[in-house]
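# Examining the three-dimensional arrangement
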Amino acid sequence: MIKRGTPITRFPIMAKQTLDLYELYKLVVERGGLLEVINKKLWQEIIKGLHLPQSITSAAFTLRTQYRRYLYPIECEKRGFSTPEELQAVIDGNRREGRSTSVENTIPSRNNINSLSNLNSSFGNGLNMSSSSVFD
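Fair warning: this is a prediction, and the values are worked out from it, not measured in the lab. (Residues numbered from 1 in each chain as written. Predicted model: local features only at pLDDT ≥ 70, side-chain atom pairs only at ≥ 80, totals over all residues. Heavy atoms only, no water.)

### Digging into the packing of aromatic side chains
Throughout the structure, instances matching the rule amount to 1 aromatic pair. Ring centres of Tyr 25 and Tyr 67 lie 6.5 Å apart, and the angle between their planes is 10 degrees; this geometry places the pair in the stacked category. One end of the pair, Tyr 25, is in helix 1 (residues 21-30); the other, Tyr 67, is in helix 4 (residues 59-78), with 42 residues separating them in the sequence. (Phe/Tyr/Trp six-rings, centres within 6.5 Å; stacked < 30°, edge-to-face > 60°. Helix = DSSP H or I, 4+ residues; strand = E, 2+ residues; numbered from the N terminus.)

So this is what it looks like as structure tokens:
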């Protein structure tokens, strides 16, 4: 992740615990990827799958932000569900519908997606992830 330009300097925290990025990735991919989760408004399912309290009002926004920052490039490379351009089009469409989006510029470029070979060693340090088939 350091090579990609998005090192994890602080692990994401939600509900006073470290956010399990691997589980977040699995839950989103099982539902067809980030675009599907956004378009079908499946964030409540993701929140339940992560066993987060329903009372966190910003949970969907926070999960989407963390997913885009750390995991979306992996989804693009490994799964090819969508491209950053398609994601931007969905965000732009949501903005035209009157929904606010304050993280538009956190979409990684296609150039950054190509340098993910050291993902496992970059994640390590306390995240609950298996080593051999992390994102397969």
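### A few points about the pattern of salt bridges
In the structure shown here, the tally under the stated rule is 4 salt bridges. Note that Lys 26 is salt-bridged to Glu 23, the shortest N-O span being 3.6 Å. A residue pair is termed a helical-turn pair when its members lie 3 or 4 positions apart in one helix, as Lys 26 and Glu 23 do in helix 1 at 3 residues. Among the residues examined, Lys 26 registers a relative accessible area of 29% and is labelled partly exposed. Put simply, Lys 40 and Glu 36 hold a salt bridge, and the shortest N to O gap is 3.1 Å. Connected through shared salt-bridge partners, Glu 30, Arg 31 and Glu 45 make up one network. (Salt bridge = Lys/Arg side-chain N within 4 Å of Asp/Glu carboxyl O. Buried < 20%, exposed > 50% of the residue type's maximum accessible area, 1.4 Å probe, protein only.)

### Some details on the nonpolar core
By size, the foremost hydrophobic cluster in this structure holds 30 residues, and its most contacted members are Leu 24, Ile 46, Leu 63 and Tyr 67. The set of elements that each furnish at least two residues to this core consists of helix 1, helix 2 (34-39), helix 3 (43-49), helix 4 and helix 5 (84-96). For this core, the leading source of residues is helix 4, giving 8 residues. For Ile 46, the residues in contact, after removing those within four places along its chain, are Leu 24, Leu 27, Val 28, Arg 31, Val 37 and Leu 63. (Core = buried A, V, L, I, M, F, W, Y, C linked by side-chain atoms within 4.5 Å. Contact = heavy atoms within 4.5 Å.)

### Focus: helix 4
At Leu 71, helix 4 shows its largest kink, close to 60 degrees, and the proline Pro 73 lies no more than four residues downstream. Of all the 20 residues making up helix 4, 14 are buried; the element is thus mostly covered by neighbouring parts of the structure. Where helix 4 ends, the next residue or the one after it, Gly 80, has phi of about 65 degrees, a positive value. (Bend = angle between axes of the 7 residues up to and from the residue.)

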